[in-house]
Amino acid sequence: MNKHYDLMVIGAGPAGLAAAYKASQLGVKKIVLIEREPFLGGILGQCIHAGFGLKEFKKELTGPEYAQIFIDRVRAQNIDIKLDTMALAIDSQRQAVLSSKKEGIYKLGAKAVILGLGCRERTRGAIGIPGTRPAGIYTAGVVQRMINIEGYLPGKKAVVLGSGDIGLIMARRLTLEGCKVEGVFEIMPFSTGLNRNIAQCLEDFHIPLYLNTTVSRIYGNRRLEAVEVSGKGMKSAKTIDCDTLLLSVGLIPENELSRSGGIDIDEASGGPVVDQDFSTSKEGFFSCGNSLFVNDLADDVTQDAYTAAQSAVDYIRGRAPGKDLWSVKKGKGILQVVPQKLIKGKDVVFKIRVKEPYEKAQISLRGTNLARVKKYLSPGELVFFRIKAIDLEKCNLHHAQNLILDIHKK
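None of these values were measured; they are calculated from a predicted model.

Definitions and limits used
Residues numbered from 1 in each chain as written. Predicted model: local features only at pLDDT ≥ 70, side-chain atom pairs only at ≥ 80, totals over all residues. Heavy atoms only, no water. Pairing = 2+ DSSP bridges. Helix = DSSP H or I, 4+ residues; strand = E, 2+ residues; numbered from the N terminus. Axes fitted to C-alpha atoms, helices over the stretch in contact; angles between N-to-C directions. Phe/Tyr/Trp six-rings, centres within 6.5 Å; stacked < 30°, edge-to-face > 60°. Buried < 20%, exposed > 50% of the residue type's maximum accessible area, 1.4 Å probe, protein only. Lys NZ or Arg CZ within 6 Å of the ring centre and 35° of its normal.

1. Considering the sheet that holds strand E14 (residues 213-220)
Point 1. Strand order in this open sheet of three strands is E14-E15-E16, and the pairing throughout is antiparallel. One side of each edge strand has no neighbouring strand; the edge strands of this open sheet are E14 and strand E16 (238-241). Strand after strand, the sheet turns through a mean of 30 degrees between neighbouring axes, direction not considered.
Point 2. With seven bridges connecting them, E14 and strand E15 (residues 224-231) associate as antiparallel partners. Bridging across to E15, Ile218 finds its partner in Val227.

2. Points about the packing of aromatic side chains
Point 1. This model, assessed by the stated rule, comprises seven aromatic pairs.
Point 2. Centre to centre, the rings of Phe52 and Tyr66 are 6.3 Å apart; their planes meet at 45 degrees, and the pair counts as tilted. One end of the pair, Phe52, is in strand E3 (residues 50-52); the other, Tyr66, is in helix H2 (residues 63-75), with 14 residues separating them in the sequence. Assigned by exposure class, Phe52 and Tyr66 land together as buried.
Point 3. Note on Phe350 and Phe385: the rings are 6.3 Å apart at their centroids and 35 degrees apart in plane angle, and the pair reads as tilted. Linking Phe350 in strand E23 (residues 348-354) with Phe385 in strand E26 (residues 383-387), this pair joins segments that are 35 residues apart in sequence.
Point 4. Residue class for Phe350 comes out buried when judged on its relative accessible area of 0%.
Point 5. The structure contains a cluster of three or more aromatic residues connected by ring pairs, namely Phe52, Phe57, Tyr66 and Phe70.
Point 6. Positioned over the ring face of Phe70 is Arg73, at 5.1 Å from the centre of the ring.

So this is what it looks like as structure tokens:
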């Protein structure tokens, strides 16, 4: 098989589903949606907690409910859906090598490609906790699937390492299922999760959060028996008996396919370098969702996917204008910024993740009078900094090579 489409969307989680649906609504006829799992919806199927859809649908939904809306929309369109299909490689001519049990190894081509590949969890190996290698050590996402999809409780007494959102949510979920959660331990002096999840998942269930503290050793032979925790301010390490260690120590955008296709990757975000249109360094390739950068909300992923779809459709129809680009660099106080390229003459919404919490800080574009004051900034919550094209033009930056974003305490 060597079929050619107008648009190829790789990944059928919230980003891929929204992008495929939007492109179809915009009139693209030949669309193929590729997903390595045997089902649509990505990670949303195991996220049975509420909190989805407040922006997109103005009502609170669970993850499966949010996903089902887009699954129904996509299935109602004339979109080729290829499940249980892995994209092994893709070249600069937008020819993808795919593999599936049903069709074997084959190629598909397209005029444009949208990458909605999602992200994966960091594991114990990535953070190097010393000790034995017993059973009972899981990432938060694995425990989420184990409980919510497969119906198994991983243990009776748990420790959570890392205060990312999925770790906070699973601390609550374990408690509801009868597992005693001894605490959430965070190596940083602040939580990396949303404030609402700290309140709803920890405080409401009297689960303690220990900052400046980490798991420093693992004990157990066949099964986990205890962990050692240590940290700043502790006189000595403490041993906690437990049979389960849940790791919520960060998410990594999936971009092996992007790298193999020669797409420039931003080492700070882990995703492709893009402009406001979500166009990558390779012509005809667009990226959105958690493979671009790790988002806080599925609703924001959906909005970005709509933009990526519109940009891909414009490219397919030959309407994509020539782009005069600035480079955007992260300055003081900023951990990540997207987009990293800026199309001159076009509005921009910078999505920024800060390095540490700030009480009343100012985000500014260095060398200009463009600034916004924010009451509170947290590494656990993306900051949105909107600038209109007309305001950029007033700054006389037409000959600038780099624009630098900074954050200062006000």
